[in-house]
Amino acid sequence: MKRFAIGAAGVALSLAAYAATPVRAHDYAVGPLKIDHPWARATPPSAKVGGGYLAIENTGPEPDRLVGGSTEAAARVEIHESSLADGIMRMREKTDGVVVPPGQTVEFKPSGLHLMLIDLRAPLKQGDKVKATLVFERAGAVAVELQVQGVGAPQPAATGHVGH
C-alpha cells in the first residue's frame, strides 16, 4: 500500500554544464527534446515516496532515452510504470529507462509512466517548486522545476505546448 501512496515529485541537482533552456514558462528543452509542464503531487507528512509527471517531445530525427534523474528532495529518482491487470494496480521500475521516439511525445502521468522519488527528505507541499535533473542517453542532463499540486490532483489541463 505504501508504494501506491504516490504524492509529488522531485527536487534537484542541477548540472551547470547542462542547464535547461527555458522555452516558455514551465517548459524546458535540451537538444531536440522539449519537456512540457513538469508537476508533482503534494505528499502526506509521513510519505516516503512522491510522483513526478511531465511530457517529453522529441523533435529530432533520432530516438533518445530518459535513463534517470536526481533531486535533493529524495535519496533517488526512479522511472516507474503503473498498470492495471485483473483489477490489480501494479507498479514496476523501468530499469532500462523510457525511449522517446523521434517525432513523438511520451507522457508521464498518474496511473502510467511516472518519476518515483524514493525516500523523500521532507513532504512535498502544494505550491512548492521542486528542482530536479533529468538525464537522457543522447541529449544529456536538463534541470527542471516541478510545480507541486494538491495531494489528489488530477493531471493539469492540457497546456497546448507539446506538439506545437
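Definitions and limits used
- Residues numbered from 1 in each chain as written.
- Predicted model: local features only at pLDDT ≥ 70, side-chain atom pairs only at ≥ 80, totals over all residues.
- Heavy atoms only, no water.
- pLDDT = per-residue confidence, 0-100.
- Helix = DSSP H or I, 4+ residues; strand = E, 2+ residues; numbered from the N terminus.
- Contact = heavy atoms within 4.5 Å.
- Buried < 20%, exposed > 50% of the residue type's maximum accessible area, 1.4 Å probe, protein only.
- Polar contact = N/O pair within 3.5 Å; in protein donor to acceptor, adjacent residues only side chain to side chain.
- Pairing = 2+ DSSP bridges.
- Core = buried A, V, L, I, M, F, W, Y, C linked by side-chain atoms within 4.5 Å.

**Observations concerning the confidence of the model for the protein chain**
Reading fine detail from the predicted coordinates is not recommended where pLDDT is low.
Here is step 1: Predicted confidence across the protein chain gives a mean pLDDT of 82, with 79% of residues reaching 70 or more.
Here is step 2: Mean pLDDT across the elements of the protein chain bottoms out in strand S1 (residues 21-22) (38) and peaks in strand S8 (residues 98-100) (98).
Here is step 3: Every residue in residues 1-24 scores below 50 in pLDDT, and together they form 82 contacts with partners more than four places removed in sequence or on other chains.
Here is step 4: Below pLDDT 50 for its whole length, residues 158-164 participates in 12 contacts with residues either more than four positions away or in separate chains.

**A few points about the side chain of Thr-71**
Here is step 1: Structurally, Thr-71 can be placed in the loop between strand S5 (64-70) and strand S6 (74-85).
Here is step 2: For Thr-71, a relative accessible area of 8% puts it in the buried group.
Here is step 3: For Thr-71, the side chain forms a polar contact with the main-chain nitrogen of Ala-73, separated by 3.0 Å.
Here is step 4: Here the side chain of Thr-71 touches Lys-131 through a polar contact of 3.2 Å, landing on its backbone oxygen.

**Some words on the pairing of strand S9 (residues 105-108)**
Each regular strand carries side chains that alternate between the two faces of the sheet.
Here is step 1: Burial along S9 is one-sided: Val-106 and Phe-108 are buried, while Thr-105 and Glu-107, pointing the other way, are not.
Here is step 2: Two strands pair when backbone bridges link them, and strand S4 (residues 49-58) and S9 are joined in this way by 4 bridges, in the antiparallel orientation. Residue pairing for S9: Glu-57 is matched across the bridge by Thr-105.

**A short note on the nonpolar core**
Here is step 1: Core analysis: the biggest nonpolar cluster contains 31 residues, and Ile-35, Ile-56, Phe-108, Leu-134 and Phe-136 have the highest contact counts within it.
Here is step 2: The residues contacting Phe-136, other than those within four sequence positions of it, are Val-30, Leu-33, Ile-35, Ile-56, Asp-64, Arg-65, Leu-66, Val-67 and Val-142.

**Comments concerning the environment of Glu-72**
Here is step 1: Mapped onto the fold, Glu-72 is located in the loop between S5 and S6.
Here is step 2: Residue classification places Glu-72 among the exposed residues on the basis of a relative accessible area of 54%.
Here is step 3: With 49 residues separating them in the primary sequence, Glu-72 and Arg-121 have C-alpha atoms 8.0 Å apart.

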